[in-house]
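Chain residues, written in single-letter form:
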Amino acid sequence: MKIKKYVIILLFLITLNYLQSTTFPREFNQFIYNIEELPESFIKILPEKNLLQVLTIEDSVLVIKKQIKILNNIAENKRWQNTYGVYPVIDWLDVSLVVESSLRGQISIDMPDKLDLYLQQDLSNIFIKGVDDPLRIEKDSDNIFILNKDMVSLFSFFDYKMIPVVVQHQQDDVLIEEFYIHKDDFFNEFNQWKHNWENQDIANYLRYYHSDFFSKSNQMDLDAWINYKKGIFKNNQKVSVTFTNVSYILKDNYLYMEGLQEYNSDNYQDFGKKIMVWKLENNEWFIWAEDWYEVEKPIGSEKPVEIVEPIEITPKPVIDTVKTVWELNQGKFPYDYINFLFPKLHNYNENLIIVEKKDQSAALYKVNDNYKNIELIKTYKISSGQNKGNKMKRGDLKTPEGLYLTQRFIPGEDLSSKYGTGAFTLNYPNQLDKILKKTGYGIWLHGSDIDMIPFDTEGCIRFENDEIIHFVQLLNPQNTPVIIDEEIKWYSYDELENEVKVVLHTIDYWKEVWQNKDFENYITLYLDEFYSDRQKMDYTQWYNHKMKLFKSEEDININIYDFDFYYAEGLLLISFYQDYETGEYRDFGKKSLVLKQLDNQWKIIKEEWQVTSKPSNSISKGE
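No experiment lies behind these values; they were computed from the predicted model shown.

Colleague: Give a description of the confidence of the model for the protein chain that names residues and reports values.
Modeller: With 74% of its residues at a pLDDT of at least 70, the protein chain reaches an overall mean of 76. Confidence, read as mean pLDDT per element, is least for helix H9 (residues 316–329) in the protein chain (34) and greatest for strand E24 (residues 461–462) (96). Low confidence marks residues 96–102, where pLDDT is under 50. Its contacts with residues over four positions away, or in another chain, come to 14 contacts. Below pLDDT 50 for its whole length, residues 300–331 participates in 58 contacts with residues either more than four positions away or in separate chains.

Here's what the structure looks like:
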C-alpha cells in the first residue's frame, strides 16, 4: 500500500511539473487543498463581467473552451458582490424536469460553503438556468440566466457529472506552485501551534489567537478563552493531539479547516470534530474562530477513520436485546430508550440521566450488561427553561427534548458564579436538531448558588450544587446519555419489539426496491411533505427526478453500512455510509434519512446526502 501511495504522489508531482507554468484562479486553491489533484474541466463565473467560462486542461495547458454571456446583471446584486470561491455542481435538470416552460435546463450550485457561513455570506438556492426570452429576467434575480443554446452546450461539455464552479470577482490568476508555497507556510504555523499545545507552552500557544477570536462551542471571546485555557493547561499534563480526516477551504486571507480531533492527557480524553478558521494578517496566521463538538469514535478500532466491512441488516439481534431488557427488568421503558437498542453498538457510559420537565425532576440510573439492566440510583429536583415546549431557536428560553450526550465538565472556578460548582456541557444541537434547522447553543447541566425555582433557566437544566459534585464523582464527563422530555412515556416490550421490526424492515425494503428499480414501491416510502435539502426539491420535483433516473440507469448495486439511529419527537433519523454503483458511475458518501410514523408505518420526509471520500490515514502533519 505504501509503494502504491508513493507512486501516485510521484505521478502527481510529474503532472505538477508540467503544469507549473499554467495559471489558475486563486480561489482554486480550495480544490487543490482538499483532493490534491486537478479536475479535467470546470466552470468559471465572473459576475462583474457578466461572463461564464468553460475551461479544460488539454496537453497540460489550461484552455478556455467556451465563453457564455450571463443575461442578468448579477454584478449589481448585493448578495453576489462579496461572494467568491469554489462551489460544486450538485445537480443537473434537463428541460423535462424544469417546471417553467421557457427554461431549457437548470444547474444547481452548492452555495454557500462552510467558510461563507462563518463569514456570514448569505447565498443559497443559486441556479444556472437556460431561458428562451431574456426580457423575462428580473434584474434583481440571484440566479444566473443564459440562453437555451448555451445551456444545451453546457450539458454536452460535462455529461451531467459533478464539477467545480469557480466564482471570481477579479481576474486574479496565479501560478499553481504559489498554492503550495501558501500551503507550506500555513502548515508550518499549524504544526507549531499544535506543538505548543502538546508541550503545554501556554504563552506561545495563545499568541496564535486573533484579537477578534470567538469560540462558538464555548461562547467565549478572547479574554474568556485565555482564562479558560489557562485552567485547562494547569490541570492536564502529557498532552497529545491527533488530527484526521482534515479538509480545507482557503479564500485569500481566511482558511477554514475541519477534521476529527483526538485529545489525550494524563486525566482527560475526548474525541470530536474540530473546526477552525485561520486568518492571515501581516503575513502571519492567527486563529480567528474555533468550534468543537463531540462525535462518536468507532468502537474497537485504533483508527477512527476506518470504515468497517458492510453488514447485513437483520432485526433478530436487536429484538433479542429488547426481549432481554424486558425480561431482566420486568417493567416498562422510556420510548427514547429505543435509541440504545438498534444494531449499532454505542460507546455510552454506565449511567443514564432522565429529565422530566413537567415534574421538574431528574433521575440517575445505573445501567449494566450493555444496557440490559437498569437500576435507579437517585432522584433530583431541577429547574428547566422559563418557557414550556421544545427548544426551536436561539433565545426562546426553552429546554430541548430528546437524547443528548455530555461532552465535558467545566469546573465552577472557570465559569460565572451563576453556574455554581460547575457544568456538564451537552451536544445540543444534535444531528437531528441540525437537520430540523433548530438553533441555539450552550445547553448544560449545571449547579446554582441561588434557590431552586421551577422553570427559571434560559434553557439549561439547573441542579443543586451538591448534586453536581455528586455527578462529578459518579459520571464520566463524556458520553453520558441524558434523555429530556416534557413527560417520559413508558412502553411495554411488545410495543418496542414491533417498533424495531417495522423500522429495520423499512430500511431493508427501501434499499431492495431502489436496487431493483421498483419505482412504484420506492416512491410509496416518501411522504408528500418530503424535501431534499441538498437538491432543493420538494416531493413533486423529487418524484419526477427519481422517475427519470429509474428509467435511465443501468443495473444498480448499493451497499449501506455503519448505521447511526436516533429517535426523538416522533421522528427517526438514520445515518449510514452508502456505496452506490451503476454502469460506469459510482459514488460514495453519507446518507441521512428522517422518517415519520404514519398509520404504524415509517415514511421518509427528509433526505440528506454528502459526498465523502472513504476515510483515509492520519494527516496530522498536513500531508
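Colleague: Explain unusual backbone geometry to me, using residue names and the numbers behind them.
Modeller: Omega for the peptide link from Tyr 428 to Pro 429 comes to -5°, which places this bond in the cis form. If you check the backbone angles, Leu 397 has positive phi at about 60° while not being a glycine. Tracing the sequence through the fold places Leu 397 in the loop between strand E20 (373–381) and strand E21 (402–411). Judged by its relative accessible area of 25%, Leu 397 falls in the partly exposed class. Unlike most non-glycine residues, Lys 437 shows phi in positive territory, near 65°. Counting through the fold element by element, Lys 437 comes out in the loop between helix H10 (431–435) and strand E23 (444–446).

Colleague: Could you give me a rundown of the pairing of strand E16 (residues 284–294), with the residues and numbers involved?
Modeller: With nine of eleven residues buried, E16 is to be regarded as a mostly interior element. As paired strands, strand E11 (residues 209–215) and E16 are joined by three bridges and run parallel to one another. Paired with Ser 215 across the strands is Glu 290, a residue of E16. Across ten bridges, strand E15 (residues 269–281) lies against E16 in antiparallel orientation. Across the sheet, residue Leu 280 finds its bridge partner in E16, namely Trp 285. From the end of E15 to the start of E16, which pair antiparallel, there are two residues, and Asn 282 there has a positive phi angle of about 55°.

Colleague: Requested: an account of the environment of His 195, with residues and values cited.
Modeller: Take His 195: it is sitting in helix H6 (residues 176–198). Each C-alpha atom of the pair His 195 and Tyr 205 lies 8.5 Å from the other, and the pair is ten residues apart in sequence.

Colleague: Tell me about the sheet that holds strand E28 (residues 537–538), residues and numbers included.
Modeller: Taken in spatial order, the six strands line up as E28-E27-E32-E31-E30-E29 in an open sheet, and their pairing is mixed. If you trace the sheet from one side to the other, it starts and ends with E28 and strand E29 (556–568), each paired once. Bridging between strand E30 (residues 571–582) and strand E31 (residues 585–598) involves twelve bridges; their strand directions are antiparallel. Looking at the pairing, Tyr 577 lines up with Lys 590 of E31.

Colleague: Please give an account of helix H14 (residues 539–552) that cites residues and values.
Modeller: If you check H14, its first and last C-alpha atoms are 20 Å apart, about what 14 residues at 1.5 Å a residue would give, namely 20 Å. Restricting attention to buried positions, one finds in H14 the residues Tyr 539, Trp 542, His 545, Lys 546 and Phe 550. Here the buried residues of H14 occupy an arc of 130° about the axis, which is enough to place them on one side. Structural note: H14 exposes Thr 540, Lys 551 and Ser 552 on the side pointing more than 90 degrees away from its buried face. With a side-chain oxygen positioned 3.3 Å from the backbone nitrogen of Thr 540, the residue opening H14 is Asp 538.

Colleague: Hey, could you go over the sheet that holds strand E13 (residues 240–251) for me, with residue numbers and the actual values?
Modeller: If you trace the six strands from one edge of the open sheet to the other, you get E12-E11-E16-E15-E14-E13, paired in mixed fashion. Edge positions in the open sheet fall to strand E12 (220–221) and E13, since each of these has one partner strand only.

Calculation criteria
- Residues numbered from 1 in each chain as written.
- Predicted model: local features only at pLDDT ≥ 70, side-chain atom pairs only at ≥ 80, totals over all residues.
- Heavy atoms only, no water.
- pLDDT = per-residue confidence, 0-100.
- Helix = DSSP H or I, 4+ residues; strand = E, 2+ residues; numbered from the N terminus.
- Contact = heavy atoms within 4.5 Å.
- Buried < 20%, exposed > 50% of the residue type's maximum accessible area, 1.4 Å probe, protein only.
- Pairing = 2+ DSSP bridges.
- Expected span 1.5 Å × (residues − 1).
- Arc of directions from axis to C-beta.
- Polar contact = N/O pair within 3.5 Å; in protein donor to acceptor, adjacent residues only side chain to side chain.

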